[in-house]
Amino acid sequence: MRTSLGIAQLAPQQVEDDLTADDLDALELAAILCELQEDIDVPGGLFPTLAQLVSTAARRAEQLEPHREGDASCNLPEAAALITDNAGQP
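Below: a short report on this structure. It should be emphasised that the depicted structure is a prediction, and the values quoted were computed from it without experimental measurement.

**Re the overall build of the protein**
A tally of regular secondary structure across the protein gives four helices and zero strands. Element order for the protein, N to C, with α for helix and β for strand: α-α-α-α. Each of the 90 residues in the protein was classed as buried or not, and the buried ones make up 13%. Within the protein, residue pairs in contact and separated by at least 24 positions form 33% of the contacts whose partners lie at least 6 positions apart. Entry remark: accessible area of the protein is about 7000 Å², with carbon and sulfur atoms responsible for 58%.

This is the structure:
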């Protein structure tokens, strides 16, 4: 699991590097933002995929903390909703 997370962190870091590049113009920024939403390699885009991952973790946390009394089970469903609600999903 730790290795998978380490690998997964590399891609967002590359995107962040691209977003903070000194020569980034408006067209390139628009292209990056569109790719985050509608990546051709990930059906639905990166944001929905991240929301699905967080939702899966939320469902598992609810099994372990059925009354949503713990930190994880309380915040994860809200986090998943915020990812998609604020990412321009139709």
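Now that the structure has been shown, we can carry on.
**Thoughts on a nonpolar patch on the surface**
Residues Leu-19, Leu-29 and Leu-33 make up a contiguous nonpolar surface patch of roughly 220 Å² in combined accessible area. With respect to the secondary-structure elements, Leu-19 resides in helix 1 (residues 2-19). On the basis of relative accessible area, Leu-19 is assigned to the partly exposed category, the value being 32%.

Reading guide: rules and limits
Residues numbered from 1 in each chain as written. Predicted model: local features only at pLDDT ≥ 70, side-chain atom pairs only at ≥ 80, totals over all residues. Heavy atoms only, no water. Helix = DSSP H or I, 4+ residues; strand = E, 2+ residues; numbered from the N terminus. Buried < 20%, exposed > 50% of the residue type's maximum accessible area, 1.4 Å probe, protein only. Contact = heavy atoms within 4.5 Å. Areas by Shrake-Rupley, 256 points an atom, 1.4 Å probe, with all protein chains shown as cover. Patch = residues over 30% accessible without salt bridge, like charges linked within 9 Å, V, L, I, M, F, W, Y side chains within 5 Å. Salt bridge = Lys/Arg side-chain N within 4 Å of Asp/Glu carboxyl O.

Everything listed is a geometric property; what it means functionally is a separate question.
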